[in-house]
Structure formats: structure tokens, C-alpha cells
Amino acid sequence: MAADFARARAVVELGFRRPETAARILLDSANLTGTDRPDTVASLLTDAVHAAFSAGDATLIEEIASRAPDLPVLAVPARLFGGDVPGALDALRALAQDCRDPDTGVMDRLMTGIHCQLTGDHAAARGAAAGAVAHCREQGIGGWLPTTLHLLAQTELALGRHEEASAHAAEGLRLAEYHDLAHRAAHLRAALAMTAAVRGDEEQGRALAAEALAYTRPRGVGRGTADALWALGVLELGLGRAEAALESLESALHPLNSAPEPQNCAPQSLEPARSLKSAPEPLNSTPQRLDSAPHKAAGPLLCLPLLADLVEAAGRAGRPERAKEPARLLGEWATALGQPALSALARRCQALTGPDRTAEEHFTAALALHENGSDYDRARTALLYGEWLRRLRRQIDARDQLRAALEAFERLGARPWAGRARAELGAAGGETGLTTREDGPISLLSPQEREVVRLAAAGASNREIAAQLFLSPRTVGHHLYRAFPKLGVGSRTELAALLAPVHDS
């Protein structure tokens, strides 16, 4: 009876209030009823750790999982957050194998997918998530379907399958709203904000993220907050607003800082692990960007996916000192976890933050590691590689990478990224598909002037254009000074009006 009452309280708390409180209700119930009702402990702790994941509280996840580290679904977080990375990966392989049993329940399937996603095995995570969705459909478990669809959408985002992610997240949101699941609806809006960000749909992306944050921030829903801020960061980054992107992405590292302080929660550092030889070393004391939060940091594993975007934003914003530590952290965890997708992002970040003499080695290694992964991530790496090559005046090599990036972004419907790749390709002297006299007056400009005025017409400042094209703001101003008379305009407003037909086409 006590366990059932605790579960009912936790359902209300998770659904409408604070996931951390829900997790602690379930943990306390497991501790109190474990002696008399040992059969309830496994399900109580599994539900508790699921709530803790929603809170984005790594300390609480470890605390709950360590209560029963031999329970298969808890063995992974108990070892992973406790520092035993090889042990965690062994436990996850066994759990994934068990998940193939058709009698596996929805929560075990769900947690298996979450653990796979956490460790960077996105294909396995998608398999587990798809199995959980199918299980809910077959068994008529409508209440869990939005949650499983959310996980499926997250795995598809990680794999660069944005259209599928959007479809599944939209279905999940409709169901969550129908069942009055406000908590899950907020998570799903954050996922949809990311798909809108990749498409460059600024209005929808901002609206979805704002609606998600209005729910998650006051309730301490750390994962939802981080995902919404991440989406805003990607949106800003794609639109060439690196400073704004950096601000959102750094905020996403510590999503619980803006929430009311919880009770009975030990301080959480951002140490990736603490014991095994293969585990990454803890963060050092400087810089303070990742480990300055005094309490309730999301934990390194919970923020790994957004670190590559943060590193790129810091570089484009001219803040390389704020990229070093995220790049180091991503590199160490990628080595420990051994997943190609994470390793590719880590090598990309090493190219961006290291010396030019080693950059090409890291870029080419990243592209090779992307080979069987996300086309979107591969195109992002190719774009950065092409920009680097163009900066070194290796125009022919740059055009190969930039053309590949442009074709991928256009195929994926990633409009802002396609625009960036097109601008870079044009600046490198390549054919962009928009360089003939059919473009109207813009065809009178040199390739460099053409890309500068396109970005200016889209609303980018001189500094933002400079960051995108690896020019100085002064050089950007010079190009505009030369271009305006050729185009017969005297202001950016007139420029935007003149080029509007070109953009619309």
C-alpha cells in the first residue's frame, strides 16, 4: 500500500511539478518498504532513476542507481556515474541483449534506450526506442507512448534523421496534450525546437523553445531546459549569431542553476569519472565555464552532445578560451566510451581548438569516423574543414569540402547551413548555383562581395559576417562600401529589398 501511494504521489509530482521530488519520493519509498516488500524495490528505483534523468541531476542518478547496482537496468548508471566506464559498457551490452526478449517491459526498453543514447550508441538507442514504441502500440499502453516517441525522436536527431524526428515528436506532442501530460509535452516541444532550428525556422524554433522553457525552468526539469537551450544555440549558430549561440549553449551546461535550490542534494561536480584507468580525468580548476556551478550541474555525460556546438560557437565568436575545456572534456569521454559518433565530434573540436599544423589530421579523421553516422554532422564537419582550407587559400581543396557540405545540407533541408556552405563555396570561387546573370544585379559583384552582401541582406552584422567568412569586420565594411554603388543602393534596408527576389527564389 505504501509503495502504491508513493508511486501515485510521484506520478503527480513528475507530471506537473518537480522531477527531482518525484525521484526522491520513489527512492524514499524503496528504502522504507524494501524489507517488507522487496518485490517493489526494482520498479520503484527504476521509476526513480527515470525521474532523475528528467531532472538532469547526475548526483541523484548515481545515488538512486547505487542503491541496487546489481539490478540490470540500474547497473549501467551505477557504474557509469560512479566511474567504472568499462563495467558500465559491459552491463549495457547485457541489458541490450535482454531487451531483445519480446516479453521485456516498456520501462526496461525505455531505460535501455536512454543508456545507449547516453553513451553515444545512437543506432542501438534507436532500436530500443523503436521497440518501446512498438510495444506501447501493440499493448495499448497509450500513457507511455509520448515518452517512448520522445526518446525515438531524440535518437533520430542524433542520427541526423530530422524529418523522422520531427514526425515522431509531433505525434508524441499531440498525444501528450491529449493525455494532459504537461511534463512530457515540454520535452517534446524542446525536441521540435531543435528540428525547427536545423531547418532555420526561426519563428517556430523560438516559440517552441520558449514554451518548453516556461514549463521546465521553474520546475527544475533540467533535461528539458538543456534541450531547449541547445536548440536555441543551434538556431543562433546556423543564423550566424555566434555570441548569442555561445550564451545559450553555455547556459545549457547548467540548466538547473535558474531553478529554485532543492533540498537534500549533495553538491555535484563535473568530474567525468573517478576511479578507473580508462575513465577521463576530472576537470581542472581553470577555465571555470564547465565546473563553476556550485550545485546541481548536469554532469558531463548529460551535456556531451552539445559540447561540439559550444566549441564551434566559441570559435566563431572569437572566444577560443571558452572552447578549450569543452573540447578537452568531449575528447576524454569520446576515448572512454569508444563510439565513432562521439569520436568524430571530438576530432572536429580538436581541429578547431588545436594548432593549424594538426588541424587537417583531425578534420580528415573526423570525416572518416562520420562515414556510417549522421550525414548532418558529417556536413557540419565538412563545412568547417572547407572554411579552414579556404582560410589557408587552398581553394580547390576547400571547394570539394564545401560542395559536399552544401549538397548534404540541401538534401537534409538544413537551410541556414546550406546558406553558409553556399556563401563559403562562392567565396572560394566555386559554382553555387546562384552565380549567373539570372541573379540580377548581384551578378555584378565579385565572389567575395557577393557572399558578403547576401549575408548583410539577411540581417547579419559586419562582425557576424566576418566570423562566418573568416574576414575582419573592417574588410567586410570595405566589401560593402564597394558593393553598394555597384548595386545602386545606399543602405542595408535597400540592399535587403533589392535581393529579396533572389532569396525568395
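As the structure is a computational prediction, the values presented were derived from the model and not from experiment.

Draft legend 1. Molecular detail of the pattern of salt bridges. In this structure the tally under the stated criterion is 33 salt bridges. Between Glu387 and Arg316 there is a salt bridge whose closest N-O contact spans 2.8 Å. Remark: Arg316 occurs in helix α15 (residues 300-316) and Glu387 occurs in helix α19 (residues 375-391); sequence separation between them is 71 residues. For Glu387, a relative accessible area of 1% corresponds to the buried category. Using a relative accessible area of 9% as the deciding quantity, one classes Arg316 as buried. For Arg403, the salt bridge goes to Asp400, with nearest N and O atoms at 3.9 Å. Taken as a pair, Arg403 and Asp400 lie in helix α20 (residues 395-412) at a separation of 3 residues, close to a single helical turn.

Draft legend 2. Representation of unusual backbone geometry. Of note in the backbone geometry, Asp180 takes a positive phi value of approximately 60° without being a glycine. As for its position among the elements, Asp180 is in the loop between α10 (162-178) and α11 (182-199). The phi dihedral of Arg393 falls on the positive side, at around 65°, and the residue is not glycine. Here Arg393 is to be found in the loop between α19 and α20.

Draft legend 3. Structural detail: the packing of aromatic side chains. Considering all chains together, one arrives at 6 aromatic pairs under this definition. Taken together through their ring pairs, the aromatic side chains of Phe363, Tyr385 and Trp388 make up a single cluster. If you follow Arg219 out to its NZ or CZ, it ends over the ring of Tyr215, 4.0 Å from the centre. The ring centre of Trp417 lies 4.1 Å from the NZ or CZ of Arg380, which sits over that ring.

Cut-offs used in this document
Residues numbered from 1 in each chain as written. Predicted model: local features only at pLDDT ≥ 70, side-chain atom pairs only at ≥ 80, totals over all residues. Heavy atoms only, no water. Salt bridge = Lys/Arg side-chain N within 4 Å of Asp/Glu carboxyl O. Helix = DSSP H or I, 4+ residues; strand = E, 2+ residues; numbered from the N terminus. Buried < 20%, exposed > 50% of the residue type's maximum accessible area, 1.4 Å probe, protein only. Phe/Tyr/Trp six-rings, centres within 6.5 Å; stacked < 30°, edge-to-face > 60°. Lys NZ or Arg CZ within 6 Å of the ring centre and 35° of its normal.

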